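Chain by chain, the residues:
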Amino acid sequence: MKNTVLKMALLAALAIMPAVFAFGLDVSSGPPLLFITLAQVFQEMPFGGVFAVILFVAVVFAAITSLMNLFEAPVEALQKQLGLSRLASVGIIAVAAVA
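Definitions and limits used
- Residues numbered from 1 in each chain as written.
- Predicted model: local features only at pLDDT ≥ 70, side-chain atom pairs only at ≥ 80, totals over all residues.
- Heavy atoms only, no water.
- Helix = DSSP H or I, 4+ residues; strand = E, 2+ residues; numbered from the N terminus.
- Buried < 20%, exposed > 50% of the residue type's maximum accessible area, 1.4 Å probe, protein only.
- Patch = residues over 30% accessible without salt bridge, like charges linked within 9 Å, V, L, I, M, F, W, Y side chains within 5 Å.
- Areas by Shrake-Rupley, 256 points an atom, 1.4 Å probe, with all protein chains shown as cover.
- Salt bridge = Lys/Arg side-chain N within 4 Å of Asp/Glu carboxyl O.
- Core = buried A, V, L, I, M, F, W, Y, C linked by side-chain atoms within 4.5 Å.

*Asks:* Could you give an account of the side chain of Thr37, with specific residues and numbers?
*Replies:* With respect to the helices, strands and loops of the structure, Thr37 is situated in helix H2 (residues 32–44). Here Thr37 falls in the buried class, since its relative accessible area comes to 0%.

*Asks:* Could you give an account of a nonpolar patch on the surface, naming the residues involved and the relevant values?
*Replies:* A surface patch of nonpolar side chains, about 580 Å² in accessible area, is lined by Val53, Val57, Val60, Phe61, Ile64 and Met68. Judged by its relative accessible area of 41%, Val57 falls in the partly exposed class.

*Asks:* Account for the nonpolar core, with residues named and values stated.
*Replies:* The nonpolar side chains of soluble globular proteins are, as a tendency, buried together. With six residues, the main nonpolar core is built from Ile16, Val20, Leu33, Leu38, Phe42 and Ala52. Those elements that provide at least two residues to this core are helix H1 (2–22) and H2. Per element, the largest residue contribution to this core is three residues, and it comes from H2.

These values are about where atoms sit, not about what they do.
Have a look at this one:
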């Protein structure tokens with residue numbers, strides 16, 4: 001699993017870094033490179049809008065699944081410590097996250 005994640009990260013870097021230099025952007029800007037650099041790259045591509053939608057929908061799904069994983073520990077703690085049901089625990093954590 002670790003090798004797969006590493007390979008995907010390297011592949012992403014090999015795709016994004018040349019575009020950063022081609023558009024003269026700041027290499028050290030970090031995560032915004034995804035939204036700035038790739039948006040410019042997609043503008044230059046034929047059917048770039050389609051690829052941009054696919055990419056950003058995938059990013060939204062990645063964020064949602066990461067958030068679900070992040071909520072798992074406090075939900076489990078509420079279930080174990082207070083004996084609450086999973087639904088009640090999720091509700092409490094969701095309200096706390098929004099507040």
